[in-house]
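If you want the building blocks of each chain, they are given just below.
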Amino acid sequence: MPGNREAYEQAMNAGHNAAWDQEWHLAVAAYGRAIREFPDDPEAHIHLGLGLYEIGRLEDALKVYSRAYQLSQKKDPIPLEKSADVLEKMGRLREAAQQYANVAELYLLQRDLDKAIHNWERATHLTPGLIPIHIKLAQAYERIGDTKKAIFEYLTLAYNFKRLNDIDKATKVAQRALRLDKDNAQIINTLRLLETGGDILPPVGESKRSDAADEDDSRRRMEEAEDDPQGPLGEAVTYALGALAVFIMENSDGMKIAADALQAMEAQRQHMNDTAIAAYQRADSRLRQPSIKMNLGAMLLAQNRPADAIKAFSDAVVHPQTSSGAYHALGKAYLALKKPKQGVRSLIQCIQSVDPTPTPMTEMPEPTIFEHLIDALDGTTEENLTAIGLRLASTIEGVKWREKLVDLRRQLEETHREQGMKGVIDFLIATDSDQLARSIALIDRYMRSGMLTLAIDEAHRAVEISPFYLPVHVRMAEIMMREGRVRNAIAKYNAVARSYMARGEDERAAEILHNVLEIAPLDVQVRESLIELMEEEERWDEALDQYIDLADVHHQLGNYDLSRDTYALAERIASRVSASPEKMVRIKHRIADIDQMRLDMRKAVKAYEEIIQLAPEDERAHRMLVDLTYRQGNQVEALRRLDKLLGIYARSRQVTKITQLLEELVTLYPTDPGLRSRLSAIYRQLGRKMDAIVQLDALGELQLQAGAHKQAAETIRQIIALSPDNIDDYRQLLTQLGG
């Protein structure tokens, strides 16, 4: 039932005021109150989604925007566009790109080409190589006269078609570009290379050049920065040696007490570990310098004295320049002491301190994947904790360990999104997880660069490494989609979803199936998989919606018998779960429509009568019953049903609808005196005297033909009362009838 309108308005205003003041927690609470008053209000959901987005509750924001889109009957692009923004913020770039493409289609239906282009651009920026989107962009740019961008898109298409070995299509799009600029050297060269079988390069626009240059600079800086192969521990020891030397040199009056430290440093450089340890211990008792603690701990750890090393790191761990190395060393020491939980905690603290992508201070901090991992340690076995510790330790050691850490973090984040913490633990303890992480990182790089052939080859190698690691299969499906192999991609997505279902990871399976249905809404097999999932989880309301959509799909595909059977099944489920009258009415209308199409009038009448029992004011059901009873030749019953419909229109003061309906019915059934009588009456009420006379005149003729002279005389009196031009003729006729 509708809520309190005044309370709703107050809550919305409070939410707007809080949002204006950037007090997003208050705004979220206020918009929540508004939704409690009117749960089906899309506007309140859109504002709530923004509030949740601003406070960092991205998953909740995504759900709210999805609900807003459903409430708008999938016609409002704004909540869908906002959900794409959320997906992009969450790093789910492939899903965000597909969502932007869906938003563009909605704007296109609204004839807003500029906004459609904007969203297509965002989709291709996030996921290059989307051939259908590049085609639409090229045509749109050409339509608005932006030749430069149109050429860029056509050349991008030529490159992608060439990658797929479809030379014919590559040539056609390049020729299309040439028609826009016949002197363009890049287009001419592309066509020549296509003719000679040479390799072509993707076009580079100005913005793309800038992005590529930035990426190259970043990569070059990463390659130029030499990572210490001993990881943070090695870097901390190097720093500690330098800092200790500076300390000694700057405190010349303390050279005597620093002699032990100097001896320790020299012994350390010569790998005389026992001598170095003894000297550092003597120096530590007199200098109390964090750098001494760091070096002493490292020496003790190297000599396989982990318990003593842990004590030495007590000061080093709080020093900003040595903390990451100290945590690294603590992790190794605890693992050596068979204390894997403490070891993993220390290694995670090390990783967090050297994470190359910290959360900006301007944003609401969200729990990182490593914070989630810390929370999951309590429920993990000692054996798995040891495996995780060794995995983390191996990541932050060796050549280019920072690059390995970036790849690992990215992989763990995606695994967490797709499989939860159970999937993260499984990935970390896998024997070949290092190799798998490198392979997945390569797949992602190839996909970002549009090198889809290399990406699919690497994906096959990843499957050989770990056949049951489903995120790889998801990537394979995405590559197929980008290559234009839609049916293969859908089959792969469906297989992945069923695998998730078999593992009991139903939420992830549902997410994949929903995404596939956005791409291929008419795919019966995928929708049946989703229904099976909903039924297994006893999510009957959602299953009911999917059954209705499945019946719609069968109808669109021309399978009318199967469509009706599915609607009937949906009707039984709706009755069992006490679905809303609105949903029951929707189902029954569709059943009745199919019965009419199959000329089964008896069943159609029964369905419409059931609709009226559920929704007495349903205008369409009343109208269909009027038509059906007329077609059955039952004029008396048809007029009775017509009067009920006219009563509904009259109560809502819809005079125009009354007039239009009667005029239409008189055209269809001109010999029905009841229709003529009712139409003449409404004309008289509207002051349309001549139209009323025409209807009364026709009514009188029908009555005379039927021998109903008394009724005909009454009709003529009504005409005379309207003072027609030939009033004397009507008076004479009335006299002849004895009136």
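Everything numeric in this text was worked out from a predicted model, so none of it was measured.

**Examining the overall build of the protein**
Along the backbone of the protein there are 39 helices and zero strands. In the protein, which comprises 739 residues, the proportion classed as buried is 48%. Within the protein, counting contacts between residues at least 6 apart in sequence, those at least 24 apart form 53% of the total. Carbon and sulfur atoms form 51% of the exposed surface of the protein, whose accessible area is close to 37,400 Å².

**A closer look at the pattern of salt bridges**
Applying the stated rule across the entire model yields 32 salt bridges. Here Glu637 makes a salt bridge to Arg640, at a shortest N to O gap of 2.3 Å. Note that Glu637 and Arg640 are positioned in helix H34 (residues 635–651) at a spacing of three residues, about one turn of the helix. We classify Glu637 as buried; its relative accessible area is 18%. On the basis of relative accessible area, Arg640 is assigned to the partly exposed category, the value being 38%. Counted as one network, the salt bridges with shared partners bring together Glu609, Glu637, Arg640 and Arg641.

**A short note on the packing of helix H19 (residues 340–354) against helix H21 (residues 382–395)**
Where H19 contacts H21, the two axes come as close as 9 Å, and the packing angle between them is 30°. The orientation of H19 relative to H21 falls into the category roughly parallel. By crossing handedness, the relation of H19 to H21 is classed as left-handed. Along its contact with H19, which presents Pro340, Lys341, Val344, Leu347, Ile348 and Ile351, the element H21 presents Glu382, Leu385, Thr386, Ile388, Gly389, Leu392 and Ala393. Looking at side-chain class alone, the contact of H19 with H21 contains nine nonpolar, two polar and two charged residues.

**As for the confidence of the model for the protein**
Mean pLDDT over the protein stands at 79; residues scoring 70 or higher make up 89%. By mean pLDDT, the top-scoring element of the protein is helix H18 (residues 323–336) (91), and the lowest-scoring one is helix H12 (residues 206–224) (42). Low confidence marks residues 206–225, where pLDDT is under 50. Its contacts with residues over four positions away, or in another chain, come to five contacts. For the stretch residues 356–365, pLDDT sits under 50, and the model shows nine contacts to residues farther than four places along the chain or on other chains.

**Quick look at helix H5 (residues 77–89)**
Here H5 spans 19 Å end to end across 13 residues, near enough to the 18 Å set by a 1.5 Å rise per residue. The elements touched by buried residues of H5 are helix H3 (42–54), helix H4 (58–71), helix H6 (93–109) and helix H7 (113–126). Of the residues trailing H5, Gly91 is marked for its positive phi of about 85°.

**Thoughts on empty space enclosed by the protein**
Enumeration according to the criterion identifies one cavity of 30 Å³ or more in this entry. The computed volume of the largest cavity comes to approximately 30 Å³. Counting residues per element, the ones that place at least two in the lining of the largest cavity are helix H22 (401–429) and helix H23 (433–448). It is H23 that contributes the most residues to the lining of the largest cavity, four residues altogether. Taken together, the residues that form the lining of the largest cavity break down as three nonpolar, one polar and three charged.

**A few points about the side chain of Lys162**
Mapped onto the elements of the fold, Lys162 is located in helix H9 (residues 147–163). For Lys162, the contacting residues outside a window of four places in its chain are Ile167, Ala170, Leu194, Gly198, Asp199 and Ile200.

**Focus: helix H35 (residues 655–668)**
When the terminal C-alpha atoms of H35 are compared, their 20 Å separation across 14 residues agrees well with the 20 Å that a helix rising 1.5 Å per residue should span. Ile658, Thr659, Leu661, Leu662, Leu665 and Val666 are the residues of H35 that are buried. Taken end-on, H35 shows its buried residues confined to a sector of 165°, consistent with a single buried face. More than 90 degrees from the buried face of H35, the exposed residues found are Thr656 and Thr667. As for H35, its buried residues are in contact with helix H33 (619–631), H34, helix H36 (673–686) and helix H37 (689–705).

**A word on the packing of aromatic side chains**
Overall, the coordinates contain two aromatic pairs when judged by the stated rule. Both rings, one in Tyr8 and one in Phe38, keep their centres 5.2 Å apart while their planes meet at 80°; by these two values the pair is edge-to-face. Placement of Tyr8 in helix H1 (residues 5–20) and of Phe38 in the loop between helix H2 (24–37) and H3 is noted, with a sequence separation of 30 residues between them. Phe38 shares its class with Tyr8; the two are buried. An angle of 15° between the planes, with centres 4.2 Å apart, marks the rings of Tyr630 and Tyr669 as stacked. Linking Tyr630 in helix H33 with Tyr669 in the loop between H35 and H36, this pair joins segments that are 39 residues apart in sequence. Using a relative accessible area of 7% as the deciding quantity, one classes Tyr630 as buried. A cation over an aromatic ring shows up here: Arg5 above the ring of Phe38, its NZ or CZ 4.4 Å from the ring centre.

**A look at the nonpolar core**
In terms of nonpolar packing, the biggest core is built from 66 residues, with Leu48, Leu52, Val86, Ile117, Trp120, Tyr154 and Leu157 touching the most fellow members. Setting aside residues no more than four positions away along its own chain, Trp120 makes contact with Ala101, Ala104, Glu105, Leu108, Ile133, Lys136, Leu137 and Ala140. Membership of the second largest hydrophobic core comes to 43 residues, among which are Ile351, Trp401, Val424 and Ile479.

**Brief notes about the side chain of Asp260**
Here Asp260 lies in helix H14 (residues 259–269). Given a relative accessible area of 14%, Asp260 falls into the buried group. At 3.3 Å, the side chain of Asp260 forms a polar contact with the side chain of Arg282. Dropping the residues within four chain positions of it, Asp260 is found in contact with Ala279, Arg282, Ala283 and Arg286.

**Structural notes on unusual backbone geometry**
In the Ramachandran plot, His271 falls in the positive-phi region, its phi being about 60° despite a non-glycine side chain. Structurally, the position occupied by His271 is in the loop between H14 and helix H15 (273–287). By relative accessible area, His271 is classed as exposed at 68%. You will see that Lys400, though not glycine, has its phi angle at about 50°, which is positive. Secondary-structure assignment places Lys400 in the loop between H21 and H22.

Rules used in this analysis
- Residues numbered from 1 in each chain as written.
- Predicted model: local features only at pLDDT ≥ 70, side-chain atom pairs only at ≥ 80, totals over all residues.
- Heavy atoms only, no water.
- Helix = DSSP H or I, 4+ residues; strand = E, 2+ residues; numbered from the N terminus.
- Buried < 20%, exposed > 50% of the residue type's maximum accessible area, 1.4 Å probe, protein only.
- Contact = heavy atoms within 4.5 Å.
- Areas by Shrake-Rupley, 256 points an atom, 1.4 Å probe, with all protein chains shown as cover.
- Salt bridge = Lys/Arg side-chain N within 4 Å of Asp/Glu carboxyl O.
- Axes fitted to C-alpha atoms, helices over the stretch in contact; angles between N-to-C directions.
- Parallel < 35°, antiparallel > 145°, perpendicular 65-115°, else oblique.
- Left-handed = near helix turned anticlockwise from the far one by under 90°.
- Nonpolar A, V, L, I, M, F, W, Y, C, P; charged D, E, K, R; others polar.
- pLDDT = per-residue confidence, 0-100.
- Expected span 1.5 Å × (residues − 1).
- 1 Å grid on protein atoms, 1.4 Å probe; cavity = no way out; pocket = protein on both sides within 12 Å on 5 of 7 lines; lining within 4 Å.
- Points joined across faces, edges and corners; volume = space filled by probe spheres on them.
- Arc of directions from axis to C-beta.
- Phe/Tyr/Trp six-rings, centres within 6.5 Å; stacked < 30°, edge-to-face > 60°.
- Lys NZ or Arg CZ within 6 Å of the ring centre and 35° of its normal.
- Core = buried A, V, L, I, M, F, W, Y, C linked by side-chain atoms within 4.5 Å.
- Polar contact = N/O pair within 3.5 Å; in protein donor to acceptor, adjacent residues only side chain to side chain.

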